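# Per-entry structural report
Take a look at the letters that make up each chain.
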Amino acid sequence: MTTPPSSAGAQTASEAPSRFRLRLTVRDLGTLIGLVVICAVFAMLSDVFLTERNLVNILQQSSINSCVAIGMTMVIISGGIDLSVGPVAACAAVLAASLLVSGFPVLLSICAGLAVGAICGAFNGVLIAYAGLQPFIVTLGTLSIFRALALIYTGGNPILGVPTEFRRLFASEIWIFPVPVVVVAVLVVVGSVLLARTPLGEYIFAVGGNEEAARISGVPIARTKIAAYAMSGFLAALAAIILVARLGAAEPTLGNLWELEAIAASAIGGASLMGGKGSIVGTILGAIVLGAMRNGLTLLNVQAFYQLLATGVIIILAMLIDRLTRGRE
Amino acid sequence: MSADSRATAPDVLTMTGVSKTFPGVKALDDVSLDVREGEVLALVGENGAGKSTLLKILSGIYRADSGEVRLGDQPFVATSPKAAREAGIAMIHQELQQVPRLDVAQNMFLGAQMTSLGVFTDKAEMRARAREVLQRLDPTIDVTARLGTLRVAQRQIVEIAKALLAKARVIAMDEPTSSLTPHEFERLVEVIESLKAHGVAVIYVSHKLEEVFRVASRATVLRDGRFVGTVALKDVDEGRLVAMMVGRALEVSHQQSYAKDEIMLETRGLGRGEAVKSVDLTLRKGEVLGVAGLVGAGRTELMRLIAGVDQPTAGEIRIRGRVKAFRTPRDAIENGIALLPEERKKDGIVPQRSILSNVSLPRLPFLTRFGLLRRGLIRSRVRELGRNVSLRPLDIDRQIRVFSGGNQQKAIICRWLMAEADVLIFDEPTRGIDVGAKAEIYRLIEGLAEEGRSIIVVSSELPEILRVSDRVLVMRRGVAEGVLAREDATEQSIMRLAVTGAQLQGSNP
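Residues numbered from 1 in each chain as written. Chains lettered and ligands numbered in written order. Predicted model: local features only at pLDDT ≥ 70, side-chain atom pairs only at ≥ 80, totals over all residues. Heavy atoms only, no water.

### A closer look at the overall build of chain A
Each helix and strand in chain A was counted, giving 14 helices and two strands. Here chain A has a C-alpha radius of gyration of 21 Å; the compact-globule value for 329 residues is 20 Å, and the two agree. Counting only C-alpha atoms and orienting by the principal axes, one finds that chain A spans roughly 75 × 55 × 35 Å. Out of the 329 residues belonging to chain A, those deemed buried represent 53%. Across chain A, contacts joining residues at least 24 apart in sequence account for 78% of those joining residues at least 6 apart. (Helix = DSSP H or I, 4+ residues; strand = E, 2+ residues; numbered from the N terminus. Rg over C-alpha atoms; globule rule 2.2 N^0.38 Å. Buried < 20%, exposed > 50% of the residue type's maximum accessible area, 1.4 Å probe, protein only. Contact = heavy atoms within 4.5 Å.)

Written as structure tokens, this is what we have:
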């Protein structure tokens, strides 16, 4: 049959044959442009902002949030949310730190911390996937539980005296980049490949896009969700370990409000809280936008209260721009 | 029907030379129609023919670029939905816009509450007025009942009553029967007759041509946004009308049977609660088994059991003679069973993902090397499958949601071909799909059977069942009432089983 497509929808779409393949990068490009604009403004207002040292500094300062936000993005794409990342990080931090302080090998301590993070995340995932509870509520509950565990374990006191051997591991540089920045760069590549080129990545998008259709198509829903939350927990733990190395101590109150920073980075980067949409590159750009804002305002000696204000404005502005540009599709 | 006697009744509404362009698409091009007092005019055409656009112009959601609309002898421009309502134009949407938590009377007065002392809503008065109007349409509806407790058919009548309450002169109904049972359709016909008797003009939009011939006296046909013609329905037959809609004649032949002896799928005493009760079913290789029955007869529920979506509480499923238990759809898929669900948007597609992602989803674990997806291989397989089912446009990177219903269905067929399913269960395969694409879906089903796959087609449209099936299983109240061989299956024999059950059926135990 040679009938032309009869639906108007199909006709409009046929005008831009490869739009979808470009779509993700177009959205990411938008975030990038936003970042460039912000940087340009700060460069005009401050001589220091655009120096190599300061730019590396921004990346360094953003690396903790970037790390958490990559995991958050996975969860958000799968149609969920993880409010418990901060307390999960605290659990991982205090465990790893206490092992380090009592003389366990560095690598083993790090692995133990990461494992705790992954287990905490998987616990969230199991409650969500098998008990059918809402992600918001589950992770709101575990937010308290994990924080309490960290506080109980340490008696509320910070764990001090982390060995310098461990601290040096993250304080060194590869070429001009500090190790945490390199770690994040590796995570971006691994995360992007995982989302775009593995069955798990497709499953995460499918579960977030339409869970029932995914189920009928044979997607292992529970396993996919648990994997997403476990990754989020794992990456929160990794962020915690980077932070412990930087500070030389592990506070049980570490990671306060990390979840909000990470959600903000994901949202600025184009992840939809409805699920089924988002990108790792976008999220990283989002995290750097937030980091550059904070850095620039600090350089300009703007009071912290106004920094908070600016962060909020940037989030809303990014969403508005997103909304307006999508309206034209 | 007394339609002819009204042929000289005055026009209530005329639209002349109406055009509407959206960026890149001419949605309506010089379309005209007129409806007379007490008349039902059918508006027909394939999906994307411009019916919805026309209705939206009529109801003030869009403004026409050019052309004239006259209400009675006055020129009329619907500047907003409110203006259209006040001028006496009412829309009954496919998806009813009501508030389930409010009662019937409150819904009928939604946006136009009656008040006493200017502040308090006057419930008693609203209920009395609502009752008065409903009396004419369906006296069984209680105006104090919560709307959410009513069946869809009753809610629709409430919506029509609301239109009457607002003194509508023209009521446009967009696919009003999409979720009605045949019996409920009969009720709707009575309601429409009553509207006609009150001099209301009705514009009836439907895919189902049998209904159009039942209800309407004339039909205006649109194709690709253009006006094809207006015909008196007593002068044309269904084939002619379809030809006007699609611009070519469609063959309506009966499919050939490719059924072999080998039994692919059997259920024995399969049941779940009250929905499905002890169903025995046999499906052979290459066979197309139609499953008929009224809405609520348990057909979809039975299919969900076979496809592992729900768990049976009784009985067993055998694949090639072996007893299998499916805990998830994944288990069923591994055994070659695939479900193409009735509500594609809700259960079938991941809308924002590409055709590529949607089609390859069940097969992904088998398409990797070192844990990474073999993209080149997947792309070429999906493209080839898409070409085989003539997916249009053949752009596998495009989001599936922008494709027409028919092409989404083709993509889902590709999904299961890719997953190498042997048993494909189609639940309402052509719901919401336009006439041209329907024929394509039927041909695809026939092709699948010819390749030796086994097919189950659940459908509420008897012509569809009769067209595709080798045998027809008829369900009623969760029970398989009987199986009709192709030569015994007629609309009458199926309906008899579906409505009254086997006890009144002489043959075919």
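### Focus on the packing of aromatic side chains
Residues and elements named next belong to chain A. This model, assessed by the stated rule, comprises four aromatic pairs over all chains. With a centroid separation of 5.8 Å and an interplanar angle of 70°, the aromatic rings of Phe166 and Phe170 are classed as edge-to-face. You can see Phe166 and its partner Phe170 sitting in helix α7 (residues 164-171), four residues apart, about one turn around the helix. We note that Phe166, like Phe170, is buried. With a centroid separation of 5.8 Å and an interplanar angle of 70°, the aromatic rings of Trp175 and Phe177 are classed as edge-to-face. (Phe/Tyr/Trp six-rings, centres within 6.5 Å; stacked < 30°, edge-to-face > 60°.)

### Here we look at the pattern of salt bridges
All names here are of chain B. Enumeration according to the criterion identifies 41 salt bridges over all chains in this entry. Taking the shortest distance from any N to any O, the salt bridge between Glu274 and Lys277 comes out at 3.8 Å. Glu274 sits in the exposed class, given a relative accessible area of 65%. Owing to a relative accessible area of 32%, Lys277 belongs among the partly exposed residues under this scheme. Residue Asp395 pairs with Arg398 through a salt bridge whose shortest N-O separation is 3.3 Å. Exposure class is identical for Asp395 and Arg398. Each is buried. (Salt bridge = Lys/Arg side-chain N within 4 Å of Asp/Glu carboxyl O.)

### Remarks on the confidence of the model for chain A
When pLDDT is averaged across chain A, the result is 90; 91% of the residues are at 70 or more. Within the model, pLDDT remains below 50 along residues 1-23 of chain A, and this stretch shows 42 contacts once partners closer than five positions in the same chain are excluded. (pLDDT = per-residue confidence, 0-100.)

### Some thoughts on a negative patch on the surface
On the surface, Glu210, Asp237, Glu238 and Glu491 of chain B cluster together into a negatively charged patch. Here Glu491 of chain B falls in the partly exposed class, since its relative accessible area comes to 36%. (Patch = residues over 30% accessible without salt bridge, like charges linked within 9 Å, V, L, I, M, F, W, Y side chains within 5 Å. Areas by Shrake-Rupley, 256 points an atom, 1.4 Å probe, with all protein chains shown as cover. Lys, Arg positive; Asp, Glu negative; His and termini not counted. Charge placed at Lys NZ, Arg CZ, Asp CG, Glu CD.)

### Focus on unusual backbone geometry
Residues and elements named next belong to chain B. Cis geometry is found at the peptide bond from Arg392 to Pro393, where omega equals -10°. Note that Pro393 resides in the loop between α13 (375-388) and α14 (405-418). You will see that Arg320, though not glycine, has its phi angle at about 45°, which is positive. For Arg320, the location among the structural elements is in the loop between β16 (314-319) and β17 (322-324).

### Digging into the side chain of Ser63 of chain A
Residues and elements named next belong to chain A. When you line up the elements, Ser63 lands in helix α3 (residues 52-77). By relative accessible area, Ser63 is classed as buried at 1%. In terms of polar contacts, Ser63 uses its side chain to reach the backbone carbonyl oxygen of Gln60, at 2.6 Å. Among all residues touching Ser63, those that are not within four sequence positions of it are Pro180, Val184 and Arg246. (Polar contact = N/O pair within 3.5 Å; in protein donor to acceptor, adjacent residues only side chain to side chain.)

### Observations concerning the pairing of strand β22 (residues 454-458) of chain B
Residue and element names in this part refer to chain B. With five of five residues buried, β22 lies mostly within the body of the structure. Going residue by residue along β22, you find Ser454, Ile456 and Val458 tucked away on one face and Ile455 and Val457 tucked away on the opposite face as well. Pairing of strand β21 (residues 423-427) with β22, which is carried by five bridges, proceeds in the parallel orientation. Looking at β22, one finds that Val423 is bridged to Ser454. The parallel pair β21 and β22, bridged by helix α15 (residues 435-450), forms a crossover whose chirality is right-handed. (Pairing = 2+ DSSP bridges. Right-handed = clockwise from strand over helix to strand, strands pointing away.)

### Here we look at the sheet that holds strand β15 (residues 288-293) of chain B
Note: strands within a sheet are paired through backbone hydrogen bonds, in either parallel or antiparallel orientation. Residue and element names in this part refer to chain B. One open sheet holds the six strands; their spatial order is β18-β21-β22-β15-β23-β24, and the pairing between them is mixed. Only two strands of the sheet have a single partner each, and these edge strands are β18 (337-340) and β24 (479-485). Pairwise comparison of adjacent strand axes, ignoring direction, gives a mean angle of 20° for this sheet. Sitting on the sheet, α14 touches β18 and β21, and the angle it makes with β18 is about 170°. (Axes fitted to C-alpha atoms, helices over the stretch in contact; angles between N-to-C directions.)

### Focus on a nonpolar patch on the surface
Together, Leu29, Leu32, Ile33, Val36, Val37, Val41, Met44 and Leu45 of chain A make up a nonpolar patch on the protein surface, roughly 770 Å² of accessible area in all. Of note, Leu32 of chain A is situated in helix α2 (residues 19-45).

### As for the state of the cysteines
Residues and elements named next belong to chain A. Overall, the coordinates contain zero disulfides over all chains when judged by the stated rule. Cys67 takes part in no disulfide bond, and the closest cysteine sulfur to it belongs to Cys111, at a distance of 15 Å. The buried category is assigned to Cys67, whose relative accessible area is 0%. (Disulfide = S-S within 2.5 Å.)

### Quick look at α3 of chain A
All names here are of chain A. Helix geometry: α3 is bent most strongly at Ser63, by close to 45°. The element α3 is largely enclosed, with a buried count of 20 among its 26 residues. With its phi angle positive at about 90°, Gly79 sits one or two positions after the end of α3. (Bend = angle between axes of the 7 residues up to and from the residue.)

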